[in-house]
Amino acid sequence: MTDHGDDEPSSSTGSPNREGRVSEDKSLLHQKLAVRELIDTEVSYLHMLQLCASDIRSHLQQLPQGDLDVLFSNIDDIIKVNSRLLHDLQETASREEEQVQLIGNLFLEFQEDLEQVYKVYCANYEQALLLVETYRKEPELQQEIQSVIEAVLPQAGSSGLSFLLVIPFQRITKYPLLLQKILENTLPDASAYAVLQRATSALQDVITNINEYKRRKEVASKYTKVEQLSLRERLARINTHTLSKKTTRLSQLLKQEAGLVSKTEDKEFDDLEERFHWVSLCVTELKNNVAAYLDNLEAFLRFRPQEYDLDIPGAPVVQYRYLARDLQLQAFPEFKQRLEGLVWQPLCSLTKTLAGPQNLIKKRLDKLLDFERVEEKLLEVGSMTYEEEMARHTYQALNSLLVAELPQFNQLAMQWLGQILCTFVTLQRDLAEQVLQRAEGTLAQLPHHHMAEPAFRKLVEDALGQAGHQLRSFQENFEKVLPPPTTQPLLPGAERQVQALLSKYGLGKLYQVTSNISGAGALDLTLPRGHIVALLQNKDTKGNSGRWLVDTGGHRGYVPAGKLELYRVVPSEEDLRGQTSPHENSRHLTPEPTPAPVPSVPTMTQVVAVYPFVARSSHEVSLQAGQRVTVLEAQDKKGNPEWSLVEVNGQRGYVPSSFLARAPSPAPWGWSLPS
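Residues numbered from 1 in each chain as written. Predicted model: local features only at pLDDT ≥ 70, side-chain atom pairs only at ≥ 80, totals over all residues. Heavy atoms only, no water.

Under the annotation held in an unreviewed UniProt entry, the chain carries the name Rho guanine nucleotide exchange factor 37 and is attributed to Camelus bactrianus. UniProt lists a comment for the chain under the heading Function (unreviewed entry), and it reads "May act as a guanine nucleotide exchange factor (GEF)." (UniProt positions renumbered as here; feature names shortened; annotations may be inferred.)

Here it is in structure tokens:
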């Protein structure tokens, strides 16, 4: 009995230890099963992604490439990240004692990569589902898609594309649950417990950030759409609610300008916005320059020197004509085609890409005014309505998205622009090499090519000197028959506008537009060549002296300073003789042709255009300086001799008579190659 009594405590203390060991063994078993589930499901998941990217996507070529890009989004990037994750997970199996801790550290290491790739896919998920819905409306196409999917993944069933698209979405949301399951079966005093806690929390943060990013993108997509609405459609959208919102925003803006309320300062965004506008300006300027370059190239291709008889005797002329014809029919057209495809079209695409961020930046200003008003009310009242809370969240989402993505967009746009410039330079270099290569054989057949360089240089200088003397003689004869200097005539009815600007600002502030201006920004003006404006400020609000603030007499805005020249009043012949009164002088403000200096041009006469002229209506025709013109009538239908009916390149129309002159008939002269 004594022995039995002595053994009783031992038996009672041993039972809890055994229970503890059993509990630990059970937890360890469940932990291993949870780890195995994580790795096995990762293998299965990655295999399914690879099937989608390779077999299924490659067999859906009946769909447009744009649709495939939307459906499969950045699945290739997801495969790369998850392949590395799976490889590292499998590597942990060789260190069983530390495996759980290694898994926790591994997910902490992959936290940023997982967030970056999955947030793009999840943000695109709703758009992909909309595409799937459109396919269901086309039974034949839907059946083809379903057949491809069932052949590769029978388990997809009737869900088809919807089943595939949701797989990555489900996987990223399952990682915290799998880690939580491992954590629940890990002892709190184990070294891996704290690491697993941080990993689980990190993956939950990833999901939260993805949801927030998805919400921001949905807000942004609402405002990045560029709608081409007519005035009637815009008016149809106006209602009491929109009028109330716009009135409130205007009131908030006026109070800020008056200094009654403070304005929200965001230097980070202001710097990004300034950088974006600078990039936009670079793109717009380059596009305008390339457009002008293509126009000049087109004009150059219309000129065919090989078809004219040159007054140069000898065989070199024949060789030159062969070379010119070869370049005109092959080298230059090929260069133009490559320029349009490799420079102009990418530049147009880049310009379209800028429209989305431009709309977001404009919309952010509206939402900022709403946000500031709500913040004021929150400070005063301490509460806000559901609509006001949504307006507050909308601004925060837009602002966060722009601050996060504008730096990357600006960088990519600059890289894109740099690539376009490099391509342009490369095309120019290729053209030069091609021309030299084609000309190499012809140059060898020209005379004097065996001469020493100094002797040949002297020969060329003498020939050019002789030609220059002949050109100067022709110029002197030509200038004797030139009409008085004139400029591009003003638009019909512009005299009153010029008079108003003159009386308001004075002659010293008036400028004339030298070439057509296409406004790119919200405050930029679009003006035709010859328009008169008044200078208000010779720089913009950011101190850029290349962008001037002007007044057109009806609108105010910015124009490039390089496309303005000081407007000078060209007095009429009566003014010079002093035969008119000061009141009558004020009517001769424009350089429009007057009857006195109009040269007498006989009907059906070949004359020369002295100045370029841009047609402004279907009744007029454009001229280029030096262009040959046939005068049909030396006056308009009302008998006004200031305008002449002419024919140019088969087109008929009116031009200012003062822009035309008879070509002189100098003594015969010609070109000759020195012997």
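Read on for the rest.
Trainee: I'd like a description of the overall build of the chain, backed by residues and values.
Mentor: When helices and strands are tallied, the chain shows 16 helices and 10 strands. Burial status across the chain gives 36% buried among its 675 residues. For the chain, the proportion of contacts with a sequence separation of at least 24, taken over those separated by at least 6, is 68%. (Helix = DSSP H or I, 4+ residues; strand = E, 2+ residues; numbered from the N terminus. Buried < 20%, exposed > 50% of the residue type's maximum accessible area, 1.4 Å probe, protein only. Contact = heavy atoms within 4.5 Å.)

Trainee: An account of the sheet that holds strand E7 (residues 628-633) is needed here, citing residue identities and associated values.
Mentor: Across a sheet, paired strands are connected by hydrogen bonds in the backbone, their directions being either parallel or antiparallel. Taken together, the 5 strands give an open sheet; going across it, the order is E9-E8-E7-E6-E10, and neighbouring strands pair in antiparallel fashion. One side of each edge strand has no neighbouring strand; the edge strands of this open sheet are strand E9 (651-656) and strand E10 (660-661). Pairing of strand E8 (residues 643-648) with E9 involves 6 bridges; the strand directions are antiparallel. Looking at the pairing, Leu-645 lines up with Tyr-654 of E9. (Pairing = 2+ DSSP bridges.)

Trainee: Let's hear about the pattern of salt bridges: which residues, and what values?
Mentor: For the structure on display, the rule yields 23 salt bridges. Residue Glu-126 is joined to Lys-214 by a salt bridge in which the shortest nitrogen-to-oxygen separation is 3.7 Å. Taken together, the residues Glu-126 in helix H4 (residues 99-136) and Lys-214 in helix H7 (residues 191-223) connect sequence positions 88 residues apart. Using a relative accessible area of 37% as the deciding quantity, one classes Glu-126 as partly exposed. Residue Lys-214 is classed as buried on the basis of its relative accessible area, which comes to 13%. Measuring nitrogen to oxygen at the nearest pair gives 3.3 Å for the salt bridge that ties Arg-547 to Asp-540. You can call Asp-540 buried: its relative accessible area is 8%. (Salt bridge = Lys/Arg side-chain N within 4 Å of Asp/Glu carboxyl O.)

Trainee: If you had to explain the confidence of the model for the chain to someone new, which residues and values would you point to?
Mentor: Mean pLDDT over the chain stands at 80; residues scoring 70 or higher make up 81%. Taken element by element, the chain is modelled with least confidence in helix H16 (residues 582-585), mean pLDDT 38, and with most confidence in helix H3 (residues 75-91), mean pLDDT 92. A low-confidence stretch, residues 1-13 stays under pLDDT 50, and its non-local contacts, those more than four residues away or across chains, total 0 contacts. (pLDDT = per-residue confidence, 0-100.)

Trainee: Describe the packing of aromatic side chains, and please don't skip the residues or the numbers.
Mentor: Two descriptors summarise a pair of aromatic rings, namely the distance from one centre to the other and the angle between the planes of the rings. The final tally for this structure, using the stated rule, is 11 aromatic pairs. Taken together, Tyr-611, Phe-613, Trp-643 and Phe-659 form an aromatic cluster joined through their ring pairs. Positioned over the ring face of Phe-72 is Arg-57, at 5.8 Å from the centre of the ring. Against the face of Tyr-558 rests Arg-547, its NZ or CZ located 4.3 Å from the ring centre. (Phe/Tyr/Trp six-rings, centres within 6.5 Å; stacked < 30°, edge-to-face > 60°. Lys NZ or Arg CZ within 6 Å of the ring centre and 35° of its normal.)

Trainee: With reference to specific residues and values, describe a nonpolar patch on the surface.
Mentor: Together, Met-451, Phe-456, Val-460 and Leu-464 make up an exposed nonpolar region whose accessible area comes to about 330 Å². The topology assignment puts Met-451 in the loop between helix H12 (386-444) and helix H13 (453-479). (Patch = residues over 30% accessible without salt bridge, like charges linked within 9 Å, V, L, I, M, F, W, Y side chains within 5 Å. Areas by Shrake-Rupley, 256 points an atom, 1.4 Å probe, with all protein chains shown as cover.)

Trainee: Let's hear about the nonpolar core: which residues, and what values?
Mentor: Generally speaking, a soluble globular protein has its nonpolar side chains buried in company with each other. Residues Ile-56, Leu-71 and Phe-107 are the most contacted members of the largest nonpolar core, which totals 63 residues. Looking at this core, the elements that each hand over two or more residues are helix H1 (2-58), helix H2 (65-72), H3, H4, helix H5 (139-152), helix H6 (161-184) and H7. For this core, the element with the highest residue contribution is H4, accounting for 15 residues. Ignoring anything within four residues of it in the chain, the contact list for Phe-107 reads Leu-38, Leu-85, Leu-89, Leu-114, Tyr-175, Leu-179, Ala-199 and Leu-203. Of all hydrophobic cores here, the second largest spans 35 residues; its members include Val-219, Leu-272, Val-290 and Leu-360. (Core = buried A, V, L, I, M, F, W, Y, C linked by side-chain atoms within 4.5 Å.)

Trainee: Residue-level account of unusual backbone geometry, with values.
Mentor: Backbone geometry at Ser-73 places phi at a positive 45°, although glycine is not the residue there. Following the sequence through the fold, Ser-73 ends up in the loop between H2 and H3. Looking at Ser-73, the relative accessible area reads 23%, which means it is partly exposed. The phi angle at Asn-649 is positive, at roughly 50°, despite the residue not being glycine. Judged by relative accessible area, Asn-649 falls into the exposed class, the value being 70%.

Trainee: Break down the pairing of strand E2 (residues 532-537) for me, with residues and values.
Mentor: Sheet topology places strand E1 (residues 510-513) next to E2; 3 bridges connect them, and they run antiparallel. Considered in E2, the bridge of Tyr-511 is made with Val-533. The pairing of E2 with strand E3 (residues 547-551) spans 3 bridges and is classified as antiparallel. Paired with Ala-534 across the two strands is Asp-551, which belongs to E3.

Trainee: I'd like to hear about the sheet that holds E3, residue by residue, with values.
Mentor: Across the sheet, 5 strands lie side by side as E4-E3-E2-E1-E5; this open sheet has antiparallel pairing. One side of each edge strand has no neighbouring strand; the edge strands of this open sheet are strand E4 (556-560) and strand E5 (564-566). The mean inter-strand angle of the sheet, taken between neighbouring strand axes irrespective of direction, is 50°. (Axes fitted to C-alpha atoms, helices over the stretch in contact; angles between N-to-C directions.)

Trainee: I'd like a rundown of the packing of H3 against H4, residues and numbers included.
Mentor: Taken N-terminus to C-terminus, the directions of H3 and H4 make an angle of 170°; their axes are 9 Å apart at the nearest point. In terms of orientation, H3 lies roughly antiparallel with respect to H4. Across the interface between the two elements, Asp-77, Ile-78, Val-81, Asn-82, Arg-84, Leu-85, Asp-88 and Leu-89 from H3 touch Ile-103, Leu-106, Phe-107, Phe-110, Asp-113, Leu-114, Val-117, Tyr-118 and Tyr-121 from H4. Residue classes in the contact of H3 with H4 are distributed as 12 nonpolar, 1 polar and 4 charged. (Parallel < 35°, antiparallel > 145°, perpendicular 65-115°, else oblique. Nonpolar A, V, L, I, M, F, W, Y, C, P; charged D, E, K, R; others polar.)

Trainee: So what's going on with the side chain of Asp-67? Which residues, and what values?
Mentor: Relative to the helices and strands, Asp-67 resides in helix H2. In this structure Asp-67 is buried but unpaired, with Lys-137 as the nearest side chain of opposite charge at 13 Å. Leave out the neighbours within four places in its chain, and Asp-67 touches Leu-131 and Tyr-135. (Lys, Arg positive; Asp, Glu negative; His and termini not counted.)

Trainee: Requested: an account of the side chain of Gln-512, with residues and values cited.
Mentor: Within the secondary structure, Gln-512 is located in strand E1. Exposure remark for Gln-512: the relative accessible area of 5% places this residue in the buried category. At 3.1 Å, the side chain of Gln-512 and the backbone oxygen of Gly-530 are in polar contact. (Polar contact = N/O pair within 3.5 Å; in protein donor to acceptor, adjacent residues only side chain to side chain.)

Trainee: Can you tell me about the packing of H2 against H4, naming the residues and giving the values?
Mentor: Packing of H2 against H4 leaves a shortest axis separation of 7 Å and a crossing angle of 130°. If you check the angle between H2 and H4, you find them oblique. Counting all contacts with H2, which are made through Asp-67, Asp-69, Val-70, Leu-71 and Phe-72, the residues of H4 involved are Tyr-121, Asn-124, Gln-127, Ala-128, Leu-131, Val-132 and Tyr-135. A per-class count over the contact of H2 with H4 returns 8 nonpolar, 2 polar and 2 charged.

Trainee: Now, about the environment of Arg-373: what can you tell me, with residues and values included?
Mentor: You can see Arg-373 is positioned in helix H11 (residues 316-381). It is 8.6 Å that separates the C-alpha atoms of Arg-373 and Thr-248, two residues lying 125 residues apart in sequence. In this view, Arg-373 contacts Thr-248, Gln-252 and Glu-388; residues no more than four positions away in its chain are not counted.

Trainee: Would you mind going over the pairing of strand E6 (residues 605-609) in detail, with residue names and values included?
Mentor: Of all 5 residues that make up E6, 4 are buried, and the element is covered over most of its length. As defined by bridge partners, E6 adjoins E7 across 4 bridges and the pair is classed as antiparallel. Paired with Gln-606 across the strands is Thr-630, a residue of E7. With 2 bridges joining them, E6 and E10 adopt antiparallel strand pairing. Each bridged residue has a counterpart across the sheet, and for Val-608 the counterpart in E10 is Ala-661.

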